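# Coordinates in review
One-letter residues, chain by chain:
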Amino acid sequence: MEIVIQRSADAAIEFVTQIIAREIRGNPRCVLGLATGRTMEPVYARLAQLHGNDGLDFSACRTFNLDEYVGLAADNKHSYRHYMNQHLFDKVNIAFDNTHLPDGVAANLADEGKRYERLLAQAGGIDLQLLGIGLSGHIGFNEPLSALSSRTRVVELAPETIEQNAQLFGGAHNMPRQAITMGVGTILDCRRCILLATGYEKSEIIAEAVKGPITHMVPASALQLHSNCTVVLDDPAAALLGRISNYV
Ligand code: F6R
């Protein structure tokens, strides 16, 4: 696990944006794994800017998102499909058919998990997976107790996650209780993982994920097992890490 600490959130966001842009330039047909959430919004805004100003070309890229809420159709403004269209896909030259998210309204959600895994395998797996981290320790929506070998499936959202995202839904009572998410095992199969966390609010869970034991109680700690994982932090998110050279 490589830990990169930047002075500010802007610098951390720029660092991650440039990793993604380099991947796309070096391998125009790359398969990108994408995350949603507040942390990623400025990354997508910068990628859209690089497309507009510098011609960053998404035309041959394929993307797979980590997760989707169960029960939210693509046209629901709270769905992650809507988020991705709004923040990235509608702003760059990616082919809509090359963008994938699990279908949260599939008639058979167990089959949907298997279909998504098949699609990922047919695409040749993920070259670069972008990850955020939840206050529960989740990556994707793999909440505490997720098996480290888990694959794409339906999960129950943790109370911390409902609290973390309730505001976006106008209150916890409006939030879906389930999501369909790539598993921890699916994420560990990606060739490279980049986890971005900013702000002091994330410092405690980052310290647990990075220097705590590998445990299914903190699913992000499984990334310690990955041979090509970079954790990019701003100073506040790294506040509880102590002597960083120990963890590189
Ligand atoms: C969503 C996802 C989640 C978020 C995490 C952080 O696709 O993968 O793991 O990355 O909940 O969310 P923010 O950035 O809103 O703090």
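Scroll up a little and you will see the structure.
Residues numbered from 1 in each chain as written. Predicted model: local features only at pLDDT ≥ 70, side-chain atom pairs only at ≥ 80, totals over all residues. Heavy atoms only, no water.

## Some thoughts on the side chain of Asn142
You can see Asn142 is positioned in the loop between strand S6 (128-131) and strand S7 (153-156). Within the structure, Asn142 has its side chain in polar contact with the backbone oxygen of Met182 (distance 2.8 Å). At a separation of 3.5 Å, a polar atom in the side chain of Asn142 contacts the main-chain amide nitrogen of Val184. Contact partners of Asn142, with chain neighbours within four places excluded, come to Ser150, Arg153, Thr181, Met182, Gly183, Val184, Ile187 and Pro219. (Helix = DSSP H or I, 4+ residues; strand = E, 2+ residues; numbered from the N terminus. Polar contact = N/O pair within 3.5 Å; in protein donor to acceptor, adjacent residues only side chain to side chain. Contact = heavy atoms within 4.5 Å.)

## Digging into the packing of aromatic side chains
Inspection of every chain in the model, using the stated rule, returns 7 aromatic pairs. Taken together, a centroid distance of 5.5 Å and an interplanar angle of 45 degrees make the contact between Tyr69 and Phe141 tilted. Of this pair, Tyr69 sits in strand S4 (residues 67-69) while Phe141 sits in the loop between S6 and S7, and the two are 72 residues apart along the sequence. Grouping residues by exposure puts Tyr69 and Phe141 together as buried. An angle of 20 degrees between the planes, with centres 6.0 Å apart, marks the rings of Tyr80 and Phe141 as stacked. Here the residue Tyr80 occupies a position in helix H3 (residues 80-87), and Phe141 occupies one in the loop between S6 and S7, the gap between them amounting to 61 residues. For the pair Tyr80 and Phe141, a shared accessibility class is recorded, and that class is buried. Pairwise contacts between aromatic rings join Tyr44, Tyr69, Tyr80, Tyr83, Phe141 and Phe169 into one cluster. (Phe/Tyr/Trp six-rings, centres within 6.5 Å; stacked < 30°, edge-to-face > 60°. Buried < 20%, exposed > 50% of the residue type's maximum accessible area, 1.4 Å probe, protein only.)

## Some thoughts on the pairing of strand S8 (residues 178-181)
Within a regular strand, side chains alternate between the sheet's two faces. As judged from the 3 bridges shared by S4 and S8, these two strands associate in the antiparallel manner. Bridge pairing links Glu68 to Ile180 in S8. In this sheet, S8 lies alongside S7 in antiparallel orientation, the contact comprising 4 bridges. Each residue of the ladder has a partner; that of Val155, found in S8, is Ala179. (Pairing = 2+ DSSP bridges.)

## Regarding the sheet that holds strand S3 (residues 62-65)
A sheet is described by the order of its strands in space; here 7 strands give the open sequence S1-S10-S9-S6-S2-S3-S5, paired in parallel fashion. Of all the strands in the sheet, just strand S1 (2-6) and strand S5 (99-100) have a single pairing partner and so form its edges. Examined bridge by bridge, S3 and S5 share 2 bridges and lie parallel to one another. Bridging across to S5, Phe64 finds its partner in His100. Helix H4 (residues 109-122) contacts S3 and S5 of the sheet and is inclined by roughly 150 degrees relative to S3. (Axes fitted to C-alpha atoms, helices over the stretch in contact; angles between N-to-C directions.)

## Some remarks on the pattern of salt bridges
If the charged atoms of two oppositely charged side chains come close together, the side chains can form a pair. Per the counting criterion, the structure on display carries 5 salt bridges. The salt bridge involving Arg46 is made with Glu14; its shortest N-O contact spans 2.7 Å. Highlighted residues: Arg46 in helix H2 (residues 41-54) and Glu14 in helix H1 (residues 9-26), separated in sequence by 32 residues. What makes Glu14 partly exposed here is its relative accessible area of 27%. With a closest N to O distance of 3.0 Å, Glu117 and Arg151 form a salt bridge. Residue Glu117 is located in helix H4, and its partner Arg151 is located in the loop between S6 and S7; the two are separated by 34 residues in the primary sequence. Classification of Glu117 by relative accessible area gives buried; the value is 16%. Arg151 gets classed as partly exposed once you look at its relative accessible area, which sits at 35%. Three or more residues joined by partner-sharing salt bridges are found here, namely Glu117, Arg151 and Asp189. (Salt bridge = Lys/Arg side-chain N within 4 Å of Asp/Glu carboxyl O.)

Take it as geometry only, folks, not as evidence of what the structure does.
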